[in-house]
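Take a look at the letters that make up each chain.
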Amino acid sequence: MNYNIVVTQNTDKQSVMDLFDYITDPLVASDRLFTAEIAEEDLDKYKAHSSISFIEPVNNEVTDD
Amino acid sequence: MATRTITCSRLARTRSRAVHANFNNKNWGLIRHTNDANVFTALSYGGDSESHTYTYDATNGQGENVDIIFITSKMIYTDNAGYKTSGSSRIQQFDWRTLTNSPTSVNVDYSTSAARSEHSEAVVAAACHNDYGAATKSNIYIIPKEQIVNSAHYWVLPKLFHQQKGNSNPTLVVNSFGETGSLQLVKNLTFRGTTYNSINGKNFPLGDSKSPSGMSTNLTCRNPRPADDVLLKEMTDAGVIHICSAGNSRGKLDVPGGLDYNNKYLKFTTELEYFINRPTFANEDTITVGNLDSWFNDGNTEVTNTGDLKEVCLLNGEFATDTSNMGPVIDCFVAGTGIPMRIPDDANHLNLLSGLFTGTSFSAPTLAGLVSMVLSKYPTTTAAQMRKYLRDIALSSAPMGNPVVLPTESDGDKGDPEYTDWMTSKNSHLKITYIDPSLSYDTSSITDTTITYPTETLQPLPSSNNATTMPTRTYGNLFKTASALIGTGGQLATGEQAQLSHFINRRFQQAFDESPVWPRYLVSSEARDIISLNISGLGAGGASDSSSVANGNYILLGQDDGTGGAVAGTNVYYNPAVGTRNFEEVSNSTVIYKRTSTSRWEIENYSSISIDSSGAIAVEAGSGDALLVEADSPKKDNPSEVITWTLTTAKVSGTPLVVDKQLIPYAQTSKDSIGDFNRIHRKQAFLNNSSLEYEFFVDFDGANILNIANSTDGKAFVSYKKQFTPFTVTSDYYNSTAEVPGEFFNYIAHAVYADFLRVQNRQQEALAEEQVAQTYLALELEKIDIRSNNNTINKRFSTYVNRQSR
């Protein structure tokens, strides 16, 4: 499953990306966010990482107002 | 300065929807938001047009040299003449792939055969169309979501564009969408720190459910998107201005630290938690736009030409549309209701669709068009400066009329229904945008971009809010609510507080007088003594003065049993104002009886009457001091027939007047004083059996019964309204715990606000506010009807105040 991974402020994003095996969108233009595929069993481990601010599933669903 | 004429309409006493729209009209928001006040007048019908002059800065007033990026659901018709200037389209067919580090590989299809949507067409038109928007010279860029589907790219692409475009044009991003959550399949809901497994005593339904009112207004809500917020922050930090629609879920969008920021629900199906009072895009520099209703209150309270969709506006002045999200996140309220536009059909651009567009989707671009004018003149304005400008500076002086309700502690799983009710402010920054078309305010010079949100304090639940009594609020709460409506931002000045207290008492009495059957003040069929005799005309005696115990009203206690020295079967009267009475005797009272030994009527002070367990009564003849004795011969049957009395001159003097009465006075010891008599029955009414009802008239002394069934009756059963007692608070008003009837609370608060407006000679606003107050009162009166008080307790009467059974 694809997740948005947000690194903590002032953290080297590349160093965090190196922790992941399957980067699905490096989003080079962003200093803090990239997308990776994470196995269910690894999710808690990454969430607990001190350089990761938060992880949430990729969600492109929006509704017009 | 330059001008153009815009023909448009706005709805006042009459409320119209699409069927009545005039599609030749244009966007009324351009007129409203370039004028401080509402310049529209009451319209006889919704579709009627008014011609207004739209004024703009001749140099920058059309958004020159501003790049506006619309993130739309689909493409729009790119050859639309409405976006052309001197034959050239302002729609820039930009290839987003060409940006360095562009995350997208999508070659956007701008052709006239690309998939289009009405929503997208209307959003862009409200900002940039030559007929409908303010930004008629801005450059238009499109990111169609259907083609670029990754939401992360919505914010990265504008940032890169702004950084790489090679000119100093300001960049403005507009998005009219959010993520919508659904409060269905709810396992539990956490509201203000407490988790509930039920709603108002019922389990959360598993499927389609009713809205959990009291905790949330609607079945849908915004879902926050923290990852998008990080990208949004990078975008606005790069200098891009972001304008976002607030959404149409009728909910509250709260800020961190707000009372409702952490409200959330747990879904049965996914076991995931969702926050229900947060915006989807919560970047601190995002400008969030609520929907200003086209409908407004022009102060008139009647619709003379009634018909479909014509009704008196319930709220004061201008207000947010009922569907708009509210809350402190909303920075400004902009026209987004009933905007007529003709847009190309999404299948065939040659066909123009006439639509009346409503939603925050259209508030956001209407604002964006106006903001482009400001950016055109002050292009170095930052996102934070622009937000500060729109939130705290570019404001109409006209107030918004959405009811301000203070939050209360959650009453179990009932939530806070008044606070979350229809169209309440929910702690919104209730401000209408006004951008001075001269653009004289330099937004780039703003140094303090701090945003201060209005604070909220939970009000305690009324102490008597339980099953046995009616809900009450405190006087302090009333004072705070009225002050909030007046808009002091704190406490009123001392003199104004005293003035407000007088207004409150006046309105309290008005509300009290509106119905004789307010449940709080209603007493049903209470036993009351009948005054049968009245003595007057006596004065002081030669040695002492017993006139005060002799003059007065006398109650017929019954007929003597003849065992104590009174004639058996004759009436015995006593003065209830003198002495005491309990279940077995009347003691030390003034008594009128017919004495056996003399066969004359005698009036004695300090006399006693015994009452045995069977109810038989016996005067202890001669036990008291004689004041008057009958001198007539032959003797009379009733004391009122006696012509001559012999007085004990040491105690009393003068000529007594003894008259029959069938009077129920207003006051009786140990009972509530009667304010208004409703009905009088011979026996206890409204219980099980029917009872003879008396006719009566009311005078200064009380109710005089006309058709009493038996002149020996000593009691009747009265249904009445208690006497009015005004508030007596004279200091420390804001902390007073004096109880205010809950049913009068909102009426009094809004009515005294109307009084304040009147004092300030703001007559139109006062009229509108008065109407709001009357609406609250009408709702409470309606409850009386529903409870049938009007049809049972009160059916004898039809007055101008209680009107009629509805």
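Heads up: the structure comes first, above all this text.
Residues numbered from 1 in each chain as written. Chains lettered and ligands numbered in written order. Predicted model: local features only at pLDDT ≥ 70, side-chain atom pairs only at ≥ 80, totals over all residues. Heavy atoms only, no water.

Draft legend 1. The interface of chain B and chain A, seen in detail. Counting residues at the interface gives 31 residues for chain B and 19 residues for chain A. The junction of chain B with chain A conceals about 2000 Å² of combined surface from both sides, 50% of it contributed by carbon and sulfur atoms. Contact with chain A buries surface across chain B, with B:Arg225, B:Ala227 and B:Val230 losing the most and accounting together for 23% of the total. Joining chain B to chain A, the criterion identifies 2 salt bridges. (Contact = heavy atoms within 4.5 Å. Buried area = accessible area lost by both parts, 1.4 Å probe. Salt bridge = Lys/Arg side-chain N within 4 Å of Asp/Glu carboxyl O.)

Draft legend 2. How the structure looks around the pairing of strand β3 (residues 67–72) of chain B. Residues and elements named next belong to chain B. Counting buried residues along β3, 6 of its 6 residues qualify, which places the element largely inside the surrounding structure. Here β3 shows no split at all, with Asp-67, Ile-69 and Ile-71 on one side and Ile-68, Phe-70 and Thr-72 on the other all buried. Bridge analysis of β3 against strand β6 (residues 139–144) gives 6 bridges, and the strand direction is parallel. Across the sheet, residue Phe-70 finds its bridge partner in β6, namely Ile-142. By the bridge criterion, 5 bridges tie β3 to strand β7 (residues 171–175) in an arrangement that is parallel. When the sheet's bridge partners are listed, Phe-70 is paired in β7 with Val-174. (Buried < 20%, exposed > 50% of the residue type's maximum accessible area, 1.4 Å probe, protein only. Helix = DSSP H or I, 4+ residues; strand = E, 2+ residues; numbered from the N terminus. Pairing = 2+ DSSP bridges.)

Draft legend 3. Structural view of the sheet that holds strand β38 (residues 715–722) of chain B. Residue and element names in this part refer to chain B. The strand order across the open sheet formed by 4 strands is β23-β38-β34-β35, and the pairing between neighbours is antiparallel. Unpaired on one side and paired on the other, β23 (522–529) and β35 (693–694) mark the two borders of the sheet. Where strand β34 (residues 674–681) meets β38, 6 bridges bridge the pair, whose relative direction is antiparallel. Within β38, the residue paired with Phe-677 across the bridge is Tyr-720.

Draft legend 4. The arrangement of the packing of aromatic side chains in detail. Residues and elements named next belong to chain B. A full pass over the atoms with the stated rule returns 34 aromatic pairs over all chains. When the ring of Phe-94 is compared with that of Phe-161, the centres are 5.3 Å apart and the planes differ by 80°; the resulting orientation is edge-to-face. Of this pair, Phe-94 sits in the loop between β5 (88–89) and α2 (118–128) while Phe-161 sits in helix α3 (residues 151–164), placing them 67 residues apart in sequence. Relative accessible area serves as the criterion here: at 3%, Phe-161 is assigned to the buried category. The rings of Tyr-475, Phe-479, Phe-508, Phe-512, Trp-518, Tyr-521, Phe-724, Phe-727, Tyr-733, Tyr-734 and Phe-744 are connected pair by pair, giving a single aromatic cluster. (Phe/Tyr/Trp six-rings, centres within 6.5 Å; stacked < 30°, edge-to-face > 60°.)

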